[in-house]
Amino acid sequence: SGRIHLNNLTELKTALAAALREERNNLALDFSSVEAVDASAARFLFRLNKKVGSGGGRFMIFTVSATVLEYLKEENLDTTVLIFAEGEAVDQLL
């Protein structure tokens, strides 16, 4: 549905846990199809950033829509997570 929220967060957590188990230090999420996130998704992204960073890796989100970016900024996620808006050059891909 293009939305990341409490009801579908388990699916995302499962997929990302598998990627992290493969000992990938860096993680980049393409948000081009994400239309909205809620507070539970923002908290999850914050914790995911912390977990990846504690393992010596880098975490980023790219192709973030203006609506989602605005919400993530309201949640102060832009102060801890590397976020690139739609159309923004991503020269720091992991």
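In case you missed it, the structure is sitting above this.
Keep in mind the model is a prediction, meaning the values are calculated, not measured.

Asks: Can you break down the pairing of strand β5 (residues 82-85) residue by residue, with the values?
Replies: Within a regular strand, the side chains alternate between the two sheet faces. Examined bridge by bridge, strand β4 (residues 59-64) and β5 share 3 bridges and lie parallel to one another. In the strand pairing of β5, valine 64 is matched with alanine 85. Read as a crossover between parallel neighbours, the route from β4 over helix α3 (residues 66-74) to β5 is right-handed.

Asks: Mind laying out unusual backbone geometry, listing which residues take part and the relevant values?
Replies: Backbone geometry places threonine 63, a non-glycine residue, at a positive phi of 55°. Relative to the assigned elements, threonine 63 resides in strand β4. Given a relative accessible area of 23%, threonine 63 falls into the partly exposed group. Of note, the phi angle at asparagine 76 is positive, near 60°, even though the residue is not glycine. For asparagine 76, the position within the fold is in the loop between α3 and β5.

Asks: Give me the lowdown on the pairing of β4, citing residues and values where you can.
Replies: Summarising burial for β4: 5 of the 6 residues are buried, a large majority. Taken together, the 4 bridges between strand β2 (residues 27-30) and β4 define a ladder with parallel strand orientation. The partner of aspartate 30 across the bridge, within β4, is phenylalanine 62.

Asks: Before we move on, could you go through helix α1 (residues 9-21) and cite the residues and values that matter?
Replies: The terminal C-alpha atoms of α1 lie 18 Å apart, and with 13 residues this matches the ideal 18 Å at 1.5 Å per residue to within 8%. For α1, the full list of buried residues reads Leu9, Leu16 and Ala19. One side of α1 holds all its buried residues, which, seen down the axis, span an arc of 90°. The outward face of α1, more than 90 degrees from its buried face, is lined by the exposed residues Thr10, Glu11, Thr14 and Arg21.

Asks: Explain the layout of surface pockets residue by residue, including any values.
Replies: There is about 240 Å³ of room inside the largest pocket. Residue lining of the largest pocket: 13 residues in total, with Arg3, Ile4, Asn8, Leu12 and Val34 positioned closest to the centre. Only β1 (3-4), α1 and β2 provide two or more residues apiece to the lining of the largest pocket. Among the elements that line the lining of the largest pocket, the one with the most residues is α1, at 3 residues. Counted by class, the lining of the largest pocket contains 6 nonpolar, 4 polar and 3 charged residues.

Scoring rules and cut-offs
- Counting of residues starts from 1 at the beginning of each chain's written sequence and follows it residue by residue.
- Under the rules for a predicted model, residues below a pLDDT of 70 receive no local features and side-chain atom pairs below 80 are neither given nor counted, while totals for whole chains, interfaces and linings still include all residues.
- The side-chain quantities take in all heavy atoms of the structure and omit both hydrogens and water.
- The pairing criterion is simple: DSSP has to find at least two bridges between the two strands.
- A helix here means a DSSP run of H or I that spans at least four residues, while a strand means a run of E at least two residues long, and both kinds are numbered starting from the N terminus.
- Here a crossover is taken to be right-handed if, once the strands point away from the viewer, the path from the first strand over the helix to the second is traced clockwise.
- Working definition: with a 1.4 Å probe on protein chains only, accessible area under 20% of the residue-type maximum means buried, over 50% means exposed, and in between means partly exposed.
- Each residue after the first adds 1.5 Å to the expected span of a helix.
- In this description, the arc belongs to the directions extending from the helix axis to the C-beta atoms.
- For each structure, a 1 Å grid was placed over the protein atoms alone; sets of points admitting a 1.4 Å probe that cannot get out are labelled cavities, open sets with protein on both sides within 12 Å along at least five of seven lines are labelled pockets, and lining residues have an atom within 4 Å of a point.
- Grid points are joined across faces, edges and corners, and a volume is the space filled by probe spheres set on the points.
- Polar here means any residue other than Ala, Val, Leu, Ile, Met, Phe, Trp, Tyr, Cys and Pro, which are nonpolar, and Asp, Glu, Lys and Arg, which are charged; Gly is therefore polar.

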